[in-house]
Amino acid sequence: MRSHPVTRSLPFALIPLAILALPALVGGTTLSLLNTVGLASIGAIGLNLVMGVAGQVSIGNAGFLAIGAFTAGLLSAEQGWPFLVVLPIGGLIAAVVGTLVGAPAVRVRGLYLVIATLAFLYVAIFVAYKVQQATVGSIGFLMDPPTIGSVTISTPRQWSYLIWTTSALIGLAVRALVRSRYGRAWMAIRDSEISAESVGISVPRYKLLAFTLSSAIVGMAGVMFAFYYQSVQFEAFTLDMSIQYLVIALIGGLGSIAGSYYGSLFVLGVPFLLQRYAADVIEDRFGFGGVAYVQNVVYGAFVVAFVLFEPQGIASVLHRIRRAPARRRSRRAARIAPATSGVMSA
Amino acid sequence: MGLLVNSVVLASVYALIAVGWVVIFRASRIPNFASGSIILVGALIFTSFVGDGSGSILLPLVLALAATGALAALIHRGLLTPLTGERLWAPTVLLFGLSILLGALASLFWGNQPRVLPQPVANSTYELPMGASITTYGLLSIVVTSVVIAGLLAFFRWSRTGTQMRAVAESGLLASQTGIRINHVTTLSWVIAGCTSALAGIQYGYVNIVGQEMSVLGLRGIAPALIGGFDSVKGVAIGSLIVAAVETYGVRYLGGESQDAVVFVVLLAFLVVKPYGLFGTAQIRRV
């Protein structure tokens, strides 16, 4: 069952339309949710590249976000450099650090990589603390709104256009990369390092490349973070933040770029809905401040449930739903002509 | 000298946490990232059983260890057994999620106020030579940990079950061929880890307080476990002493914010120089 090229590329034509239309239709807290979802999706795509495509678990994401954000703080808040210059520089610095961290880390496997990235995270947070102390002190860097050409990005709606355009461009670029020979090499490594090696793929080199690219993307997300929240403080970058990205990548669907968007929407949207529609009920039952705990209970329970029951994430659930009519048709066809059923369902 | 004594007391808590990591990792190759929340829940269960501290602490202690051991067994049987054979990310993400879930449930059930444990014996300070001193509970913490570690070493060395556990750690497949029930042995290792984690939480609670901050203790078990070799119980003792000393002196000379960073720098150095730790088994990979 192969769909027509035109119908297959149709969703991509809708992306610019959606980016233009959605922010115009919603407002208030829904719009800021949309913005944070877009911001999270950039970092999630970066993590998905290294974790979902190349199969390497990293919990250093918050560290690379911190590198991007602090680059923005030092260059923009302190030196007045423009956003469009700081964005690639933040990505570049994160990429360099990512390569330095990754070089020894890609030689170790599995758990050792997880622990190496955890160690990197703590060191990055400490360095960020030291940098902040030496420059601006406990208030952190205060950022001016970014200016692109003659436009100053200050309203939530303008932010939405900027965030989602960036996110869509990065998403499409990574999607193209995943479908190239690089993507195939990464997936071969993910599925079996030994067989990847035996067909001539340089495992450490490709792992390192995935790690570097991922760090660059997450670093750029960090720059966006800094400008969006208009402040940079080392306390914002925690292990919980890294875990949230792991969870987004997983719940959305490991290895699926679209999944990074589903995951961001789910992980940020569920607590948002709880806050909006259930806060009264929860506070009646558990007292003031109970909402945060209930949000975490729901969040944790979803993580456990997804790993156990839907390890391929929302992307795979949606895929099943989309394919359901076709499957029913092929089952019916199989009942009529059992001999060809194997071919039909293959 | 005073710092050295402090770091030995700290090491006695870390050693129990790290033993939990090692015992589980040996049996199932799973990093227990929910360790911190198990420590917290174990200590909170103990505070509930102890109440105002009028009775003996022996029964509450046994009940808290049993309850935490049962919780750990439940985690293994209910959540991790279905993931057997999955890639590393599956148990990693699941245990991080579980950790958030347990921490939040603990806050809903026990509230968010830190709890001070009632002291069954008076906490006095003993002067040591060279200007150092140690409190009764610091001393007790060291004694309890030493006994537990020695007991575990003896258990693994001489008991039948302990030998089976070592066999599973060495090769699950070969062990299963001789009729060892791997799943039972692995669950048992989770029970042991649950008990040592609860004990670590209780010891920490007596030296400091019982509160949400304890959930970070779990990850502090990684460095001692890894420096010791990740699959070696005796390595844990040395690893904990090294880590606690690094941490205590780091905080003293670089400030409190460096607590985790200095330890993980030392850990990174070990990863580069001695990736299988001081007493760990080197894993040889053939292509």
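Residues numbered from 1 in each chain as written. Chains lettered and ligands numbered in written order. Predicted model: local features only at pLDDT ≥ 70, side-chain atom pairs only at ≥ 80, totals over all residues. Heavy atoms only, no water.

A. Spatial organisation of the overall build of chain A. A count of helical and extended segments in chain A gives 14 helices and four strands. Against the 2.2 N^0.38 benchmark of 20 Å for 346 residues, chain A shows a C-alpha radius of gyration of 22 Å, consistent with a compact globule. If you line up chain A on its principal axes, its C-alpha atoms span 75 × 55 × 45 Å. Per-residue burial over chain A gives 49% buried out of 346 residues. Considering only intrachain contacts with a sequence separation of at least 6, the fraction spanning at least 24 residues in chain A is 78%. When the accessible area of chain A is evaluated, it comes to approximately 16,100 Å², of which 65% is carbon and sulfur surface. A distance of 21 Å separates the average location of the 24 positive side-chain charges in chain A from that of its 11 negative side-chain charges. (Helix = DSSP H or I, 4+ residues; strand = E, 2+ residues; numbered from the N terminus. Rg over C-alpha atoms; globule rule 2.2 N^0.38 Å. Buried < 20%, exposed > 50% of the residue type's maximum accessible area, 1.4 Å probe, protein only. Contact = heavy atoms within 4.5 Å. Areas by Shrake-Rupley, 256 points an atom, 1.4 Å probe, with all protein chains shown as cover. Lys, Arg positive; Asp, Glu negative; His and termini not counted. Charge placed at Lys NZ, Arg CZ, Asp CG, Glu CD.)

B. Layout of the packing of aromatic side chains. Residues and elements named next belong to chain A. This structure, assessed with the given rule, holds 24 aromatic pairs over all chains. Here the aromatic rings of Phe 70 and Phe 141 are separated by 5.8 Å at their centres, their planes lie at 90 degrees, and the arrangement is edge-to-face. Of the two residues, Phe 70 sits in helix α3 (residues 61–78) while Phe 141 sits in strand β1 (residues 141–142), which places them 71 residues apart along the sequence. An angle of 40 degrees between the planes, with centres 6.4 Å apart, marks the rings of Tyr 182 and Trp 186 as tilted. Of this pair, Tyr 182 and Trp 186 both sit in helix α7 (residues 181–191), four residues apart, which is roughly one turn of the helix. The exposure class of Tyr 182 is partly exposed, given its relative accessible area of 33%. Grouping aromatic residues by their ring pairs yields a cluster made of Trp 159, Phe 225, Tyr 228 and Tyr 229. (Phe/Tyr/Trp six-rings, centres within 6.5 Å; stacked < 30°, edge-to-face > 60°.)

C. View of the environment of Leu121(A). Structurally, the position occupied by Leu121(A) is in helix α5 (residues 111–135). Beyond its immediate sequence surroundings of up to four residues, Leu121(A) is in contact with Ile59(A), Gly60(A), Ala62(A), Gly63(A), Thr238(A), Leu239(A) and Ser242(A).

D. Representation of helix α6 (residues 156–178) of chain A. In this model, α6(A) (23 residues) spans 32 Å end to end at C-alpha, consistent with the 33 Å of a helix rising 1.5 Å per residue. For α6(A), every residue scored as buried is listed here: Trp159(A), Ser160(A), Leu162(A), Ile163(A), Trp164(A), Thr166(A), Ser167(A), Ala168(A), Ile170(A), Gly171(A), Val174(A) and Val178(A). (Expected span 1.5 Å × (residues − 1).)

E. Examining the confidence of the model for chain A more closely. The share of residues in chain A with pLDDT of 70 or more is 92%, and the mean pLDDT across the chain is 86. Every residue in residues 339–346 of chain A is under pLDDT 50, and counting partners more than four places away or in other chains gives two contacts. (pLDDT = per-residue confidence, 0-100.)

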